[in-house]
Amino acid sequence: MNTKVKGFFYGIITSVTFGLIPLFTLPLMQKGMQSDSILFYRFVAATLALGTMMLIKKESFRIGVRDLPIFIILSLFYTGSSLFLLYGYEVMGAGVATTLHFTYPVFVTLLMLFLFQEKTSWVTWTAVAFAVGGVAKLSLQGTQLRIEPIHVIIVLLSAVGYASYIVAVNKSHIREMHSRKLAFYVFVFTALMFGIKTGASQNLQPIPDAWAVVNILLLAVAPTVISNITLLLAVRYIGGTTTSVLGALEPVTAVCIGALIFGEEFTWSEAIGIALILIAVTIVILNRNIQNNLSLLIKRIRPRHA
């Protein structure tokens, strides 16, 4: 198996495992578990799993004191993103919520533009228009709203939170840190935050049964630890751009799970909305390639004068 095939394989595994979040989360919600408790157990289990992996590989856990503030900030973004995404599962179904969450590459572009004055192009604004149209298509049934606007906004905050997490990593001094160590400490601080939150409100729920334990372990391992490892491998073999394009399988996986396993309704309106959002995200990711190809095409068709 050559390196490119390996890269595509790992990229697909990354997307599919991340898209499995509702498969393991919704059964826990159906048993009466609340978001705070689910996320606390998820990140505790993920921390233990990733920490064990680092011990086996004899990787260093050492960080500096100046790293603590940025880890707290990153954990706040990650915590907010996880909470709002689970809220979406409760109010609008896994497929729609995951698709709205997957607009995060658009928000990354906008944050880089407004916070760091990085230049953008007409290609990016075209992508934003597609994303807005997709969200509107998911939210509207004819001329009537079938999803509460406040619910759409709250779930979009999960995308903003994740986008903020990505931007903060890229613009902070810890961007050179090994990805496993970075993820480990983000998981540690995120688990602590959910522990403090549930402890303060005294609503940490016990795990109801053995099947719930299995779902929590799978939630921690598959869409949390495994997806991070395969992401690193995919980027190594085929680069970040192609890996991100394969990330379009995340909402597709969630939609399939919602429709096939949990019996969620899937309409043509949702299909069109999802397609528009995936087009928007793909345009953002392939921005440079699109501009280069268009420039090359213009040069080829431009009349030549002696």
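Residues numbered from 1 in each chain as written. Predicted model: local features only at pLDDT ≥ 70, side-chain atom pairs only at ≥ 80, totals over all residues. Heavy atoms only, no water.

Colleague: Now, about helix α3 (residues 35–56): what can you tell me, with residues and values included?
Modeller: Given a rise of 1.5 Å per residue, 22 residues ought to cover 32 Å, and the 31 Å separating the end C-alpha atoms of α3 matches this to within 8%. Of the residues trailing α3, K58 is marked for its positive phi of about 55°. (Helix = DSSP H or I, 4+ residues; strand = E, 2+ residues; numbered from the N terminus. Expected span 1.5 Å × (residues − 1).)

Colleague: Can you tell me about the pattern of salt bridges, naming the residues and giving the values?
Modeller: Summed over all chains, the structure comprises three salt bridges. One salt bridge connects D209 with K31, and the closest N-O pair in it is separated by 3.0 Å. Pair noted here: D209 is in the loop between α9 (179–201) and α10 (210–246) and K31 is in the loop between α2 (21–30) and α3, with a separation of 178 residues, a long-range link. Residue D209 is classed as partly exposed on the basis of its relative accessible area, which comes to 29%. Across the pair K197 and D36 runs a salt bridge whose closest N-O atoms are separated by 2.6 Å. (Salt bridge = Lys/Arg side-chain N within 4 Å of Asp/Glu carboxyl O. Buried < 20%, exposed > 50% of the residue type's maximum accessible area, 1.4 Å probe, protein only.)

Colleague: Could you give me a rundown of the side chain of T17, with the residues and numbers involved?
Modeller: Checked against the element boundaries, T17 lands in helix α1 (residues 3–18). Here T17 falls in the buried class, since its relative accessible area comes to 9%. Those residues within four positions of T17 in sequence are excluded, and the remaining contacts are A222, P223, I226 and S227. (Contact = heavy atoms within 4.5 Å.)

Colleague: Lay out the packing of helix α6 (residues 104–116) against helix α8 (residues 149–171) with the relevant residues and their values.
Modeller: One can describe the packing of α6 onto α8 by two numbers: an axis separation of 8 Å at closest approach and a directional angle of 55°. Judged on the interaxial angle alone, α8 and α6 are oblique. The element α6 and its partner α8 pack so that their crossing is right-handed. Here Y104, F107, V108, L111, M112 and F116 of α6 lie close against α8, whose contacting residues are L156, A159, V160, Y162, A163, S164, I166, V167 and K171. In terms of residue class, the contact of α6 with α8 is built from 13 nonpolar, one polar and one charged. (Axes fitted to C-alpha atoms, helices over the stretch in contact; angles between N-to-C directions. Parallel < 35°, antiparallel > 145°, perpendicular 65-115°, else oblique. Left-handed = near helix turned anticlockwise from the far one by under 90°. Nonpolar A, V, L, I, M, F, W, Y, C, P; charged D, E, K, R; others polar.)

Colleague: Outline unusual backbone geometry, supporting the account with residue identities and numerical values.
Modeller: Although it is not a glycine, K58 sits at a positive phi angle of roughly 55°. Within the secondary structure, K58 is located in the loop between α3 and α4 (68–92). Under the relative-accessibility criterion, K58 is labelled exposed at 77%.

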